[in-house]
Amino acid sequence: MVTTVIALLFAGVAFIVWEQNSTRRTMTQDLSIQAEMIAENCKAALSFNDANDAEELLKSLHVKSSIVFGGIYNKNGDMFASYHNDNCYESHPARLDQNGYDSQNNKLLTVFQPIILEGETVGTVCLQSDWKPLYVMLRHNTNIIMAVLLFAAVAAYFISSKLQKIISGPILNLANIAKNISEKKDYTTRAKKETNDEIGLLINAFNEMLEQIQQRESELVDSKKQLEVRVEERTADLKIANKQLQKEVEERKKAEANQAALLEEIKGINQELKSFAYVVSHDLKAPLRGISTLAEWIATDYADKLDDEGKEQLRLLLNRVERMHKLIDGILQYSRIGRVHEEKSSVNLNELVKDVIEMVVPPSHITITVENKLPTIVSEPTRIAQVFQNLLSNAIKYMDKPKGIIKIICSEENKFWKFGVVDNGLGIEEKHFERIFQIFQTLSSHGGTDSTGIGLTVVKKIVETYGGKIWVESKLGVGSTFYFTLPKHETKVTEDEKLQTNIVS
Amino acid sequence: MKIRISILVVLVLSIAIVPIAGKVASNIEADSAANREYQVKAAFLYSFIKFVDWPAEDTVDVNQPIIIGVLGTDPFGNAFEPVKDTHVKGRKVNVERFKSLEDIKKDASQDVSLLRSQTDAIRKCHLLFICSSEKGHLSEIIESLKGASVLTISEMEDFVESRGMIELLMEEGKVRFEVNLSAAEKANLKIRSQLLRLAKKVVNENGSGPVSLGNGSRGAVLGMARN
C-alpha cells in the first residue's frame, strides 16, 4: 500500500509539474496569438495614424479577464494606443525595444508581436496577462490529485488486506511453522495444503523437506547411539592397555634400576680388580727385586766360595726371578689395558710398524717386511704398537727356520681392516689355537726362550676392546699367521689427513 | 547728430523687420504646416494602395510600377519626397502629374489625339488624385474613368457624394477620410474592411442607402455584409 501511495504521489507531482509547464506554454501561445490578431487588425490604424481605432481594437481584450495590459507602439517605440485592465497595478513598457515573450516573470506574462505591413515593421503589439489561470489550474489539479490519492490509498488498503489473506497468509503460516520446528525440534509437524496453486506447491515441497529432515534426524540419533557404544568399548580397551603399559613401565624402571645397580657393582668390582692387580704386582715386584738383588750379591760376593754347580744354580735362580719379574710386568700391563686410556689420534700404521720393527730388533736371519700399504687409523698409538710388538716378538721367538721370514699383511674389508702377521716359524697345533690366547698359557718354545704367557692375551684384549677379532691360522712346522681385525668406524680419517698420507706414502 | 539719426534709422528698420520676420516666420510656419499636411496625405495615398485590391493584381508583373496620378494643380509640391522610394506590394510607385483638364483640352484642340493619349494615360493610373482645381469638371472626369479600375481620391468637399471614392478631409488637425464603397465596387476595386473601419463615413449606394458611421467603430464592418 505504501508503494502505491508513493507511486501515486510521484505520478501526481510529475503530472502537476508537467501540467504547469504545459499551461504556461499554452497561455503564452494564446497570448501570442491574440497579439498577432491585434497586430493584423491594427495595421491600417497605424498606417493612417488612427489611434482611436487602435484603442477600440484593444478594448476587445477585456473579454479575457487575465489580460492586464495591451499596448500598440509605433515604429519608433512610442506608445500609440493602450488598454488597461481594472486590476492593473504594474507599470508597463512605455518604450519598446524587445521581441518575443517573457514567460519567466512570476507576476506577469508578457508577449510582444511586431506589426509587419508589406515586409516593413510599422509597430509592435505588447500584451501582458497575469498568471491567474495557471494558479487556478494548479489548485484544481492539486485537488484532483489529492482526491485520487486518497481514494487509491483506501482502495489499495482494502485490496492489499484482501490479498494478504490469500497470498501472504499461507506464507506467514508456513514461516510460523518453520520457526516452531526450529525452536521445538519437533520434525513430525506438517503444513496443511489448502490451495492447488503455487502456494500449494510450496507447502508440498516444505512437507517433503520436513520428511527428509525427520528421516535424517532419526538416522542421526541411531548413529549417535552406536557411536556412544563404540566409544565406550574403545575407552574400556584403552583403559586396560593403559594399565598394562603402566605395569610394563614400572617393571622396566625396576629392571633399569637393577641394571644400574649391577653396573655400579660391576664397575666397582672391575675397579677393585684393576687396583688389585696393580697393587699386587707392585707388592709382588718389591720382594722380587729384593730376591734378585740378594741373589746378585751372593753371586758376586761369594763367587769364589761357590763351585760351578752353585754358580749355575744361582744363575738359574736369577733367571727365574727375571722371569717372575716379566710375568708381573705382563700382569701389570694387562691390568693397565682398559684402565688407562690415552688420546686417540690419527696413526699412520706404516710409520708405526716401522718403529715397532726397529724396537723389536729382529735378529739378522729374520726379515720382517710389510707387504701392503697400511692405512692410517684413528686409535691409541701405544696400544696398536703393543699389538704389533707382541705379535712380532712372538713370531721372532718361535722362529725355528734358518731363514726367518715375517710378513705383515693388510686387506680392506667392508667394515674393518684385516691385518695379519705371517711367519714361517714353528707353527701351532690346532688344538692349541684357542688356548694360546688365554692368560699365562705358553707353548714350549724353541731354544727354551721364556715366555710370560701374557703377550697374546694382551693383544686379544686390546683388539677386542676396539671391537675387533683375533684368530690364528697355522700349520705345524710350516708357519703361522695371526689375523686381527680393527673396525673401520674407529679409523675415521679426515680428508686432509687422507691427502697427507697419500702424498707422504 | 548724424550718429543719432543713423541710430534712429537702424531702430526703425529693426522694428519694421520684426513684423516682417514674424510674417515670414508664420508664412514659413504656415508653409511647413501645409507641407506636413500634404506629407501625411502623400503617405496616406501610399497607404491606401496597401489596403485596396486592384483586379488581376496577382498576375501583374512585379516590375511594373504602381502609378499615382495627380490631376490638376498639384498641392503636394515636394510632399512626396519622404515616401517616393517606398515599394508597395513589392512594386515601385511612380507619381505622374497631369495638367488640369482645361489645359489638356486646350492642348487637345490643336491635337485631338492628345486628349486620347492623356485620357489613356490617366486611366492607366492605379490611383488618381483629383486636385481641387478640377472641381468644375468632376463629373466629366469620373465619366471618363468609367470601366477603368482607378481609385479616385480628392480633397474636394462632397467628393464621395459625387461618386468619388475617397475624400480626404481635415478634422481637429488630423487627416481623415470618407469612402464611397459602391463607387469603388463599380470600378472593380476591393477596399479592405480594415481601411473602411477607419473611414469617418462610408457611403454605400447598394442595399440600404448611405450608411454614416461614427468614429470608425467596428459596427461599421458588420454593417457591410457584402463585399
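Below you will find a few notes about this structure. (Residues numbered from 1 in each chain as written. Chains lettered and ligands numbered in written order. Predicted model: local features only at pLDDT ≥ 70, side-chain atom pairs only at ≥ 80, totals over all residues. Heavy atoms only, no water.)

**Structural notes on the environment of Ile377(A)**
Following the sequence through the fold, Ile377(A) ends up in strand β8 (residues 376-379). Linking Ile377(A) and Pro487(A), residues 110 residues apart in sequence, is a C-alpha distance of 9.9 Å. (Helix = DSSP H or I, 4+ residues; strand = E, 2+ residues; numbered from the N terminus.)

**Some details on helix α6 (residues 308-336) of chain A**
All names here are of chain A. When the terminal C-alpha atoms of α6 are compared, their 41 Å separation across 29 residues agrees well with the 42 Å that a helix rising 1.5 Å per residue should span. Residues of α6 that are buried include every one of Gly-310, Leu-314, Val-321, Ile-328, Gly-330, Leu-332 and Ser-335, and no others. Where α6 is buried, its residues meet α5 (198-301). (Expected span 1.5 Å × (residues − 1). Buried < 20%, exposed > 50% of the residue type's maximum accessible area, 1.4 Å probe, protein only. Contact = heavy atoms within 4.5 Å.)

**Notes on unusual backbone geometry**
All names here are of chain B. One non-glycine residue, Lys-89, lies in the positive phi region at around 50°. Phi at Glu-172 takes a positive value of approximately 50°, unusual for a residue other than glycine. Here Glu-172 lies in the loop between β7 (166-171) and β8 (174-180).

**Focus on the nonpolar core**
By size, the foremost hydrophobic cluster in this structure holds 70 residues, and its most contacted members are Ile72(A), Phe48(B), Leu151(B) and Phe177(B). When residues of this core are assigned to their parent elements, the largest contribution, eight residues, is made by helix α1 (residues 2-51) of chain B. Those residues in contact with Phe48(B), other than ones at most four positions away along the chain, are Phe48(A), Leu127(B), Leu151(B), Ile153(B), Ile166(B), Leu168(B), Phe177(B) and Leu195(B). (Core = buried A, V, L, I, M, F, W, Y, C linked by side-chain atoms within 4.5 Å.)

**Examining the pattern of salt bridges**
Residue and element names in this part refer to chain B. Inspection of the entire model under this criterion finds 21 salt bridges over all chains. Residue Lys-41 is joined to Glu-37 by a salt bridge in which the shortest nitrogen-to-oxygen separation is 2.5 Å. Taken as a pair, Lys-41 and Glu-37 lie in helix α1 at a separation of four residues, close to a single helical turn. Judged by relative accessible area, Lys-41 falls into the buried class, the value being 2%. Given the relative accessible area of 22%, Glu-37 is considered partly exposed. In this structure, the salt-bridge partner of Lys-200 is Glu-171, at a minimum N-O distance of 2.9 Å. One end of the pair, Lys-200, is in the loop between α6 (193-198) and β10 (201-203); the other, Glu-171, is in strand β7, with 29 residues separating them in the sequence. Here the salt bridges do not stand alone but share partners, grouping Glu-37, Lys-41 and Glu-155 into one network. (Salt bridge = Lys/Arg side-chain N within 4 Å of Asp/Glu carboxyl O.)

**Details of the side chain of Lys43(A)**
Note that Lys43(A) resides in helix α2 (residues 43-47). When its relative accessible area of 12% is taken as the criterion, Lys43(A) is described as buried. Not counting residues up to four positions away in its chain, the partners in contact with Lys43(A) are Ile115(A), Ile116(A), Leu117(A), Phe51(B) and Gln194(B).

**Quick word on the packing of helix α8 (residues 381-397) of chain A against helix α9 (residues 455-465) of chain A**
All names here are of chain A. Running from N to C, α8 and α9 cross one another at 145°; their axes reach a closest spacing of 9 Å. In the packing of α8 onto α9, the handedness of the crossing is left-handed. Contacts between α8 and α9 involve Arg-383, Gln-386, Val-387, Asn-390, Leu-391 and Asn-394 from the former and Gly-455, Leu-456, Val-458, Val-459, Ile-462 and Val-463 from the latter. Classifying every residue of the contact of α8 with α9 gives seven nonpolar, four polar and one charged. (Axes fitted to C-alpha atoms, helices over the stretch in contact; angles between N-to-C directions. Left-handed = near helix turned anticlockwise from the far one by under 90°. Nonpolar A, V, L, I, M, F, W, Y, C, P; charged D, E, K, R; others polar.)

**A short note on the interface of chain B and chain A**
Opposite the 19 residues of chain B that make contact, chain A presents 17 residues. Regarding the contact of chain B and chain A, the summed buried area is about 1,400 Å², with carbon and sulfur atoms giving 53% of it. Across the contact surface, chain B and chain A share one salt bridge. For Asp53(A), the salt bridge goes to Arg197(B), with nearest N and O atoms at 2.9 Å. At the boundary of chain B with chain A, the tally comes to seven residue pairs in polar contact (both at pLDDT 80 or more). When contributions to the side of chain B that touches chain A are tallied by element, the ones reaching two or more residues are α1, β3 (87-88), β8 and α6 of chain B. (Buried area = accessible area lost by both parts, 1.4 Å probe. Polar contact = N/O pair within 3.5 Å; in protein donor to acceptor, adjacent residues only side chain to side chain.)

**Side note on the sheet that holds strand β12 (residues 479-487) of chain A**
Residues and elements named next belong to chain A. The strand order β7-β9-β10-β12-β11 describes an open sheet built from five strands, whose pairing is mixed. At either margin of the open sheet sits one strand with a lone partner, and together these are β7 (366-370) and β11 (470-475). In this sheet, neighbouring strand axes are inclined to one another by 15° on average, regardless of whether the strands run parallel or antiparallel. Here strand β10 (residues 416-423) pairs with β12 via eight bridges, running antiparallel. When the sheet's bridge partners are listed, Gly-420 is paired in β12 with Tyr-483. Those strands touched by helix α7 (residues 349-360) are β7, β9 (404-412) and β10, and its axis lies near 170° from that of β7. (Pairing = 2+ DSSP bridges.)

**Let's talk about the packing of aromatic side chains**
All names here are of chain B. Per the counting criterion, the structure on display carries 16 aromatic pairs over all chains. Residues Phe-44 and Phe-48 carry aromatic rings whose centres are separated by 6.2 Å and whose planes lie at 85° to one another, so their mutual orientation is edge-to-face. Of this pair, Phe-44 and Phe-48 are both found in helix α1, four residues apart, which corresponds to roughly one turn of the helix. Judged by its relative accessible area of 0%, Phe-48 falls in the buried class. With 4.7 Å between their ring centres and 40° between their planes, Phe-76 and Phe-80 make a pair best called tilted. With relative accessibility at 5%, the residue Phe-80 sits in the buried group. (Phe/Tyr/Trp six-rings, centres within 6.5 Å; stacked < 30°, edge-to-face > 60°.)

**So, the side chain of Thr457(A)**
All names here are of chain A. Within the element layout of this structure, Thr-457 appears in helix α9. Look at Thr-457 and you get buried, because its relative accessible area is 7%. Within the structure, the side chain of Thr-457 is placed 3.3 Å from the backbone oxygen of Gln-438, a separation counted as a polar contact. Setting aside anything within four residues of it in sequence, one finds Thr-457 in contact with Tyr-334, Phe-437, Gln-438, Ile-439 and Phe-440.

**Here's the deal with the sheet that holds strand β4 (residues 91-98) of chain B**
Residues and elements named next belong to chain B. On the basis of which strands lie adjacent, the open sheet formed by eight strands has the order β3-β4-β2-β5-β6-β7-β8-β10 and mixed pairing. Pairing within the sheet leaves two strands with one partner each, and these edge strands are β3 and β10. Strand direction decides the pairing type here: strand β5 (residues 127-130) and strand β6 (residues 151-154), joined by four bridges, are parallel. When the bridges of β6 are listed, Ile-130 appears paired with Ser-154.

**What to know about α7(A)**
All names here are of chain A. Taking 1.5 Å of rise per residue, the twelve residues of α7 would be expected to cover 16 Å, and the 16 Å separating its terminal C-alpha atoms lies within 8% of that figure. Three or more residues of α7 are buried, namely Leu-349, Leu-352, Val-353, Val-356, Ile-357 and Val-360. The buried residues of α7 occupy one face: seen down the axis, they fall within an arc of 140°. Residues of α7 that are exposed and point over 90 degrees away from its buried face: Lys-354, Glu-358 and Met-359. (Arc of directions from axis to C-beta.)

**Quick notes on the pairing of β4(B)**
All names here are of chain B. In this structure, strand β2 (residues 66-71) lies alongside β4, joined through six bridges in parallel fashion. Paired with Leu-71 across the bridge in β4 is Phe-98. With two bridges connecting them, β3 and β4 associate as antiparallel partners. When the sheet's bridge partners are listed, Val-88 is paired in β4 with Arg-91. Where β3 hands over to β4, the hairpin turn is made up of two residues, of which Lys-89 adopts a positive phi near 50°.

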